[in-house]
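Report on the structure
Given next are the chains, with one letter for each unit.
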Amino acid sequence: MIDPGLKEKVVLVTGGNNPFGIGAAIARAFASHGARLFIHYFRQEIDFSDQKQGGRRSPEPGLTFFFEQQQKTADEVVAFIRKSGGRAESWEGDLRHPQNVRRLFEHAAKAFGQVDILVNNAAEYLADTFLPPNALGGEAAVWEDGPPIATINAESHDRHFEVNARAVAMLMSTFARRIIERKSQWGRIINISADCAWGCPREISYRASKYALESYSRSAAAELGPYGITVNVVSPGPVQSGYINAEIEQALIPDIPLRRVGRPEDIANTVIFFASDLAGWITGQVIFVHGGHRMAFGQ
């Protein structure tokens, strides 16, 4: 078995409360290699999730199920890691507020010491479009059981960029300052993007904010390399984190050469590689983990 060199490293993962999600899988993977995990999360108000269920909780994958998981604390993920012999703590904070970036690192340092590895996984998602309401016709939602699509406005734009781009930039800057101040000459930043980040109809602000994340990552890789900090991006395709119902999964599979949707562990394995000593001379890269999904569209 290859040793990734992560034992006793302190890892900060944002957006890790959904036990079926990518962030939780990343946290569990790091813990399995002996790292110490500080898990950030934030629960948002969701006003549509039970509309089709009549107030009942959904036991099956789909957006209702997904947003139920998103409303959980990180306690379940932390408990799993501890039960498996690992060390983990968590903290809830809204990354739209810049002061919470500083507070997050302070809480992590108090729990385990200075952070060695930063994984920016937390994300904001709303469905928006350039089309005016009278041009949308019957396309009321991107997903059948999802939130209504809306014409882009200042709020939909800013909600995405505050979390998916600005918070990522502030987290990377704070992480870099702390690494440089302690002169460790070793650090890892792994940012989670999304395939189709170059542009996607009816998810325009989400995808654009992820493209900004990729640009920030390349700039950070160039500037932070002399300090021993690598910066890389993992770009997932359709991953079953609880939001893909059976019907949509079957519709997606023909566009994926490997003929299945992704699992959170597929993303976690790639993050572990980027954090490991094996990737010590890799920086500024975007790797697509999508079963060939993006390739199938000629991109």
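See above for the structure.
Residues numbered from 1 in each chain as written. Predicted model: local features only at pLDDT ≥ 70, side-chain atom pairs only at ≥ 80, totals over all residues. Heavy atoms only, no water.

1. Focus: helix H4 (residues 99-112)
Our working definition: Only DSSP runs of H or I reaching four residues or more are called helices, and only runs of E reaching two or more are called strands; each is numbered from the N terminus. Residue count minus one, scaled by 1.5 Å, sets the expected span of a helix. Between buried and exposed lies partly exposed: a residue is buried under 20% and exposed over 50% of the maximum accessible area for its type, with that area taken using a 1.4 Å probe on protein chains only. This arc is taken over the directions from the axis of the helix to the C-beta atoms. A contact between two residues is defined here by any heavy atoms of the two lying within 4.5 Å.
Between its first and last C-alpha atoms H4 spans 21 Å; for 14 residues at 1.5 Å apiece the expected length is 20 Å, and the two agree. Among all positions of H4, only Asn100, Val101, Leu104, Phe105, Ala108 and Phe112 are buried. Down the axis of H4, the buried side of the element spans an arc of 140°, and every buried residue falls inside it. The secondary structure elements touched by the buried residues of H4 are strand S1 (10-13), strand S2 (36-41), strand S3 (87-92), strand S4 (117-120) and helix H5 (154-182). Gly113 lies just past H4 and shows a positive phi near 100°.

2. Some words on the pattern of salt bridges
Going by this rule: Salt bridge, as applied in this entry: a Lys or Arg side-chain nitrogen positioned within 4 Å of an Asp or Glu carboxyl oxygen.
Tallied over the full model, the rule gives 12 salt bridges. Of the charged contacts in the structure, one is a salt bridge between Arg177 and Glu181, with a shortest N-O distance of 3.4 Å. Note that Arg177 and Glu181 are positioned in helix H5 at a spacing of 4 residues, about one turn of the helix.

3. Structural notes on a nonpolar patch on the surface
What counts, and what does not: A patch consists of residues whose relative accessible area exceeds 30% and which take part in no salt bridge; residues with like charges are grouped when within 9 Å of each other, and nonpolar side chains (Val, Leu, Ile, Met, Phe, Trp, Tyr) when within 5 Å. Surface accessibility in these figures is a Shrake-Rupley result with a 1.4 Å probe; residues are shielded only by whichever protein chains are displayed.
A cluster of nonpolar side chains, Ile2, Phe273 and Leu278, forms an exposed patch at the surface whose accessible area comes to about 300 Å². Mapped onto the elements, Leu278 comes out in the loop between helix H8 (264-275) and strand S9 (286-289). For Leu278, a relative accessible area of 51% gives the class exposed.

4. Some remarks on the packing of helix H1 (residues 22-32) against H8
Note the cut-off: For helices, the axis comes from a line fit to the C-alpha atoms of the stretch in contact; other axes are also lines fit to C-alpha atoms, and the angle between any two N-to-C directions lies between 0 and 180 degrees. Here the angle decides the label: under 35 degrees means roughly parallel, over 145 means roughly antiparallel, 65 to 115 means roughly perpendicular, and every other value means oblique. In this scheme the crossing of two helices becomes right-handed for a clockwise turn of the near helix relative to the far one and left-handed for an anticlockwise turn of less than a right angle. Note on residue classes: Ala, Val, Leu, Ile, Met, Phe, Trp, Tyr, Cys and Pro are nonpolar, Asp, Glu, Lys and Arg are charged, and everything else, Gly too, is polar.
Direction vectors running N to C along H1 and H8 enclose 50°, while the axes themselves pass 8 Å from each other. Classified by the interaxial angle, the pair formed by H1 and H8 is oblique. With respect to the hand of their crossing, H1 and H8 are arranged in right-handed fashion. In this structure, H1 contributes Ile22, Ala25, Ile26, Arg28, Ala29 and Phe30 to the contact, and H8 contributes Pro264, Glu265, Ile267, Ala268, Val271, Ile272 and Ala275. Considering only residue class, the contact of H1 with H8 consists of 11 nonpolar, no polar and 2 charged.

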